[in-house]
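Structure at a glance
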Amino acid sequence: MTLLLSCGAMEQLFRSLSCLLLLSGPRVFCVVVWIPFTIGMVVIGTLYMNRCATDPKIPIYLMVAGSVFLFGVALLLIHKACQKLIFVLEVFLCIFSVCWFALGSIWVFTIYNDASKDCHYILFNFAFGALLFQYILLAFILSFFCVCSSCLSFMVSVCTTRNPRYIGILLDIVHVAELHLQ
């Protein structure tokens, strides 16, 4: 055996990991991290609404971003009820979130040196930390998808050259993941 794992063992490993990561990982992350984080954005933005004279848009950014993220989570929960309407709302929400994220980055990072003068430190530091957290999360997600696509590409090339029946198994895994994500 020239490979450390046979195609059968790689298939079983991939199936287990894909089900674990695709099905439970995002849900656990959403409940444990994302929902409290977005509630914190709304609360901090509301509590310190008029406490940043340097740039009064920062508390508004936190309140709107947190509300939009919470609305996105609510859409995920009711997704199966009306899929077409939810799809349109999700596309709009995604475009709005990207634009709002860019605006928030501009508003917060441009006053980085002046924030201590007229902006409440909790408000500014939370907004700054929230943006950094989102940048780190974005980098992690992009890295994860790059690694997964590389591994999948490698597995497909190795398994299909050794035994073409594994194409069907890999397609079954993708189909099961798609069904569970809907």
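Just so you know, these numbers come straight off a predicted model, no measurement behind them. (Residues numbered from 1 in each chain as written. Predicted model: local features only at pLDDT ≥ 70, side-chain atom pairs only at ≥ 80, totals over all residues. Heavy atoms only, no water.)

What to know about the nonpolar core
Going by this rule: For this analysis, a nonpolar core means a set of buried residues of the types Ala, Val, Leu, Ile, Met, Phe, Trp, Tyr and Cys, connected via side-chain atoms within 4.5 Å. Here the term buried applies to any residue with accessible area under 20% of the maximum for its type, exposed to any over 50%, and partly exposed to those in between, with areas from a 1.4 Å probe on protein chains only. Counting from the N terminus, the helices are DSSP H or I runs at least four residues long and the strands are E runs at least two residues long. In this analysis, two residues are considered to be in contact whenever any of their non-hydrogen atoms come within 4.5 Å of each other.
Counting 24 residues, the largest nonpolar core has Met 41, Ile 58, Tyr 61, Leu 62 and Leu 123 as its most contacted members. Only helix H1 (7–47), helix H2 (57–77), helix H3 (83–110) and helix H5 (121–162) provide two or more residues apiece to this core. With near-sequence residues (within four places) excluded, Ile 58 lies in contact with Cys 52, Trp 107, Val 108, Ile 111, Leu 123, Phe 124 and Ala 127.

Details of the UniProt feature "transmembrane region" (unreviewed entry) in the protein
Which entries qualify depends on this criterion: UniProt positions are given in the numbering used here, feature names are shortened, and annotations may be inferred rather than shown by experiment.
UniProt annotation of "transmembrane region" (unreviewed entry) refers to residues 26–48, 60–79, 85–109 and 121–145 when read in the numbering used here. Counted over residues 85–109, helix gives 100% and strand 0%. Its end C-alpha atoms are 35 Å apart.

Examining the state of the cysteines
Rule in force here: Put simply, a disulfide is two cysteine sulfurs that come within 2.5 Å.
Going through the model one piece at a time under the given rule, you end up with one disulfide. A sulfur-sulfur distance of 2.1 Å marks the disulfide that ties Cys 52 to Cys 119. Here the disulfide of Cys 52 and Cys 119 is left-handed, its torsion about the S-S bond being about -110°. Linking Cys 52 in the loop between H1 and H2 with Cys 119 in the loop between helix H4 (115–118) and H5, this pair joins segments that are 67 residues apart in sequence. The buried category is assigned to Cys 119, whose relative accessible area is 6%. Left unpaired, Cys 94 is separated from the closest cysteine sulfur, that of Cys 99, by 9.5 Å.

Focus: the packing of H2 against H3
Selection rule: A fitted line through C-alpha atoms represents every axis, and for helices the fit uses only the stretch in contact; the resulting angles, taken between N-to-C directions, go from 0 to 180 degrees. Relative orientations are named as follows: roughly parallel for angles under 35 degrees, roughly antiparallel for angles over 145 degrees, roughly perpendicular for angles from 65 to 115 degrees, and oblique for any other angle. Should the near helix be turned anticlockwise from the far one by less than a right angle, the crossing is termed left-handed; should it be turned clockwise, right-handed. Residues are grouped as follows: Ala, Val, Leu, Ile, Met, Phe, Trp, Tyr, Cys and Pro are nonpolar; Asp, Glu, Lys and Arg are charged; every other residue, Gly included, is polar.
The geometry of H2 relative to H3 is characterised by a closest axis approach of 10 Å and an angle of 155° between their N-to-C directions. Considering their axes alone, H2 and H3 lie roughly antiparallel with respect to each other. Remark: the crossing between H2 and H3 carries left-handed chirality. Listed contacts from H3 to Lys 57, Ile 58, Ile 60, Tyr 61, Val 64, Ala 65, Val 68, Phe 69, Phe 71, Gly 72, Leu 75 and Leu 76 of H2 are Ile 86, Leu 89, Glu 90, Leu 93, Phe 96, Ser 97, Trp 100, Phe 101, Gly 104, Trp 107 and Val 108. Residues of the contact of H2 with H3, tallied by class, amount to 18 nonpolar, three polar and two charged.

Thoughts on a nonpolar patch on the surface
We count it as follows: Patch membership requires more than 30% relative accessible area and the absence of a salt bridge. Residues of like charge join within 9 Å; the nonpolar side chains Val, Leu, Ile, Met, Phe, Trp and Tyr join within 5 Å. Exposure was quantified through the Shrake-Rupley algorithm and a 1.4 Å probe, taking into account, for residues, occlusion by the shown protein chains and nothing else. A pairing counts as a salt bridge when a side-chain nitrogen of Lys or Arg comes within 4 Å of a carboxyl oxygen of Asp or Glu.
On the surface, a nonpolar cluster with roughly 380 Å² of combined accessible area is contributed by Phe 87, Val 88, Val 91 and Ile 95. Tracing the chain through its elements places Ile 95 in helix H3. By relative accessible area, which is 52% here, Ile 95 ends up exposed.

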